[in-house]
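This is what each chain is made of:
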Amino acid sequence: MKTSLLQKARAQYQPKLPKGLQGAVKVKEGAATQSVGDQDEIKKLFPNTYGMPIIEFVPGEEYAAREMNVGIILSGGQAPGGHNVICGIFDAVKRQNANNKVYGFLMGPGGLVDHDYIELTSDYVDKYRNTGGFDMIGSGRTKLEKEEQFEKGLEIIRELGIKAVVIIGGDDSNTNACVLAEYYAAKNYGIQVIGCPKTIDGDLKNAQIETSFGFDTATKVYAELIGNIERDANSARKYWHFVKLMGRSASHIALECALQTQPNICLVSEEIEKEDMTLNQIVEQIATAVAQRAEAGNNFGVVLVPEGLIEFIPAIGRLIDELNDLLAAHGSDYKDLDKDAQHAYILAHLSKENADTFATLPEDVARQLSLDRDPHGNVQVSLIETEKLLSNMVGAKLDEWKKEGKYKGSFASQHHFFGYEGRCAAPSNFDADYCYALGVSAANLIANGKTGYMAIVQNLSAPAEDWKAGGVPITMMMNMERRNGEMKPVIRKALVELDGAPFKKFAEKRDEWARETCFVYPGPIQYWGPSEVCDRETRTLALENEAKK
Ligand code: FBP
């Protein structure tokens, strides 16, 4: 691997650790916990891992070195900082006992099932310190859910003398981590399973998890790019830029980028759902802002579109729910059909209301909704070109208004999709520190015999040494939800709260941003320099923590 100069310099960065993790630690236990919903069902499904207390690590006495070989899995989409979680685990596990071994299962959960792994050595790990990406061991989306998989995994776990497996993933992967922890506990196998909160989408958060790792860096990268586009828009004054931003369901990324860059429009899927808006109403709303700016001679602007939008438009959401059940229930009678026959099959099997909605969708959107789901049953929304769909519809609406004499401007659009550009960026200082601390916390949970916990680090708006590290039982975050046509225990996804501080701040400002040109150009992530520039958390986290005071 050839190393850039920045990477070489960055390799020297020593992540800042919270005081509670700097030396020997001891466990401070809180009260017993309950799941966020459906307590009776979750308790029944997780009898061995339900109700455990929240844990905080505080400075403690040195104890005898512990023997603990550890296996690590990276699961799902890449998120900046994943390598530092591994470095944190590696350093802490080796500090426990230099003979301890750390294994990386390759290409995601599939590596455990297929017995595909490498032993991580310090020479190897050192090359990845403070770097982005998941290429140290690769990632994948295999869903760990079947007993055969758990038993197959156990074979290699036993062979390598592994005491604990750490699964670094989003809500679905941590749900699976919890199921695996419960299974191994129920069987008395003596294998611990620990989760770690990863996803750029920012939707794995709750009262215990202030943010998932990667959100900070990814949104800073997207905000830099949006700022550059805004500056281009303001220089050329001839284009409306439609920017779709990743975030499979929740609009946290779009909202955070809006708070950082002050674009003219930012759609928030959760609001669209609550207001029961149709696609046509969304188009009219954007077209109205375009027309208003045109009156002031401003035939340019920037619109942010969250990736998950389409699923949140209520009529389309209802259609997707029925399609999910339909596709889950039907096998080769559907899969083996050609494209047109699949379209006809869907129309014939849907309820009248949903068939009508399906029939009105542009062909490529309808097609995308009819394709196979990802292994977790999700529509692959990153493949739907909502930014083009919206700008085409806005263009058509403006043409209509022009004919009616209601609009006199000119409208030309450009399209962008920012997602993959940010997921492997070199972690910001925040993510580098946060991830390293998560890794050290995970190692301490293992050393203290815990299973079914997710590593956490809190108080993230304070300087890193005042952060608080510990663990939260994963069952505490669970409730029952319908997936692939069945009710399943899952970690509740955190959507944008319309009464939360970040959305309120945006709502207070957006009319002005739509009318005027209030762009902010954040520039690139800085790794060296004043702390208020280099270590600053996201606006979302700052506003949420401020509101808690
Ligand atoms: P995770 O939820 O696994 O962290 O992935 C998030 C994400 O980046 C979404 O924003 C996006 O919709 C999806 O992954 C894309 O998936 P893929 O990498 O498989 O194309």
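- The chain goes by Pyrophosphate--fructose 6-phosphate 1-phosphotransferase in an unreviewed UniProt entry, where it is assigned to Prevotella dentalis.
- Turning to the chain, the UniProt annotation filed under Subcellular location (unreviewed entry) states: "Cytoplasm".
- The record in UniProt for the chain states the following under Sequence similarities (unreviewed entry): "Belongs to the phosphofructokinase type A (PFKA) family. PPi-dependent PFK group II subfamily. Clade 'Long' sub-subfamily."

1. Focus: the overall build of the chain
Then, in step 1: On a plain count of helices and strands, the chain comes out with 23 helices and 15 strands.
Then, in step 2: Compactness check: the chain gives a C-alpha radius of gyration of 24 Å against a globular reference of 24 Å for 549 residues, within 12% of the reference.
Then, in step 3: Dimensions of the chain, computed from the C-alpha atoms along their principal axes, are close to 80 × 60 × 45 Å.
Then, in step 4: Out of the 549 residues belonging to the chain, those deemed buried represent 58%.
Then, in step 5: Of the contacts formed within the chain by residues at least 6 apart in sequence, a portion of 79% connects residues at least 24 apart.
Then, in step 6: Split by element, the accessible area of the chain, about 22,400 Å² in all, is 48% carbon and sulfur.
Then, in step 7: Counting 61 positive and 77 negative side-chain charges, the chain places the averaged centre of each group 3 Å from the other.

2. Some points on the sheet that holds strand β8 (residues 240-245)
Then, in step 1: The sheet built from 4 strands is open, its strands ordered β9-β10-β8-β11 with parallel pairing. Taken across any chain shown, the strands that pair with only one partner, and hence form the sheet edges, are β9 (265-266) and β11 (413-418).
Then, in step 2: In the sheet, β8 pairs with β11 via 6 bridges, with the strands oriented parallel. In the sheet register, F242 faces β11, and the bridge partner there is H415.
Then, in step 3: Set on the sheet, helix α9 (residues 252-261) makes contact with β8, β9 and β10 (301-306); between it and β10 the angle comes to about 155 degrees.

3. Comments concerning the site of the ligand
Then, in step 1: As a matter of local geometry, the ligand sits amid 13 residues, with G77, T199, D201, Y420 and R423 nearest to it.
Then, in step 2: Measuring from an oxygen atom of the ligand, one finds a side-chain N or O atom of K198 at 3.0 Å.
Then, in step 3: One of the side-chain N or O atoms of E307 is found 2.9 Å from an oxygen atom in the ligand.
Then, in step 4: Taken by itself the ligand offers 480 Å² of open surface, and the protein chains cover 84% of this.
Then, in step 5: In terms of residue class, the shell around the ligand is built from 3 nonpolar, 4 polar and 6 charged.
Then, in step 6: When we break the shell around the ligand down by domain, the ones giving at least three residues each are domain 1 (64-214 + 427-451 + 460-467) and domain 2 (215-307 + 385-419 + 494-548).

4. Quick notes on the packing of aromatic side chains
Then, in step 1: Considering all chains together, one arrives at 16 aromatic pairs under this definition.
Then, in step 2: With a centroid separation of 5.6 Å and an interplanar angle of 45 degrees, the aromatic rings of F430 and Y434 are classed as tilted. With F430 and Y434 both in helix α20 (residues 429-447) and 4 residues apart, this pair spans about one turn of that helix.
Then, in step 3: F430 gets classed as buried once you look at its relative accessible area, which sits at 3%.
Then, in step 4: Y434 sits in the buried class, given a relative accessible area of 1%.
Then, in step 5: One aromatic cluster in this structure is built from F150, Y183, Y184 and Y189.
Then, in step 6: Positioned above the aromatic ring of Y13 is the side chain of R10, whose terminal nitrogen or guanidinium carbon lies 4.4 Å from the ring centre.

Cut-off values and rules
- Residues numbered from 1 in each chain as written.
- Predicted model: local features only at pLDDT ≥ 70, side-chain atom pairs only at ≥ 80, totals over all residues.
- Heavy atoms only, no water.
- UniProt positions renumbered as here; feature names shortened; annotations may be inferred.
- Helix = DSSP H or I, 4+ residues; strand = E, 2+ residues; numbered from the N terminus.
- Rg over C-alpha atoms; globule rule 2.2 N^0.38 Å.
- Buried < 20%, exposed > 50% of the residue type's maximum accessible area, 1.4 Å probe, protein only.
- Contact = heavy atoms within 4.5 Å.
- Areas by Shrake-Rupley, 256 points an atom, 1.4 Å probe, with all protein chains shown as cover.
- Lys, Arg positive; Asp, Glu negative; His and termini not counted.
- Charge placed at Lys NZ, Arg CZ, Asp CG, Glu CD.
- Pairing = 2+ DSSP bridges.
- Axes fitted to C-alpha atoms, helices over the stretch in contact; angles between N-to-C directions.
- Near = heavy atom within 4 Å.
- Polar contact = N/O pair within 3.5 Å; in protein donor to acceptor, adjacent residues only side chain to side chain.
- Nonpolar A, V, L, I, M, F, W, Y, C, P; charged D, E, K, R; others polar.
- Domains from an automatic or database assignment.
- Phe/Tyr/Trp six-rings, centres within 6.5 Å; stacked < 30°, edge-to-face > 60°.
- Lys NZ or Arg CZ within 6 Å of the ring centre and 35° of its normal.

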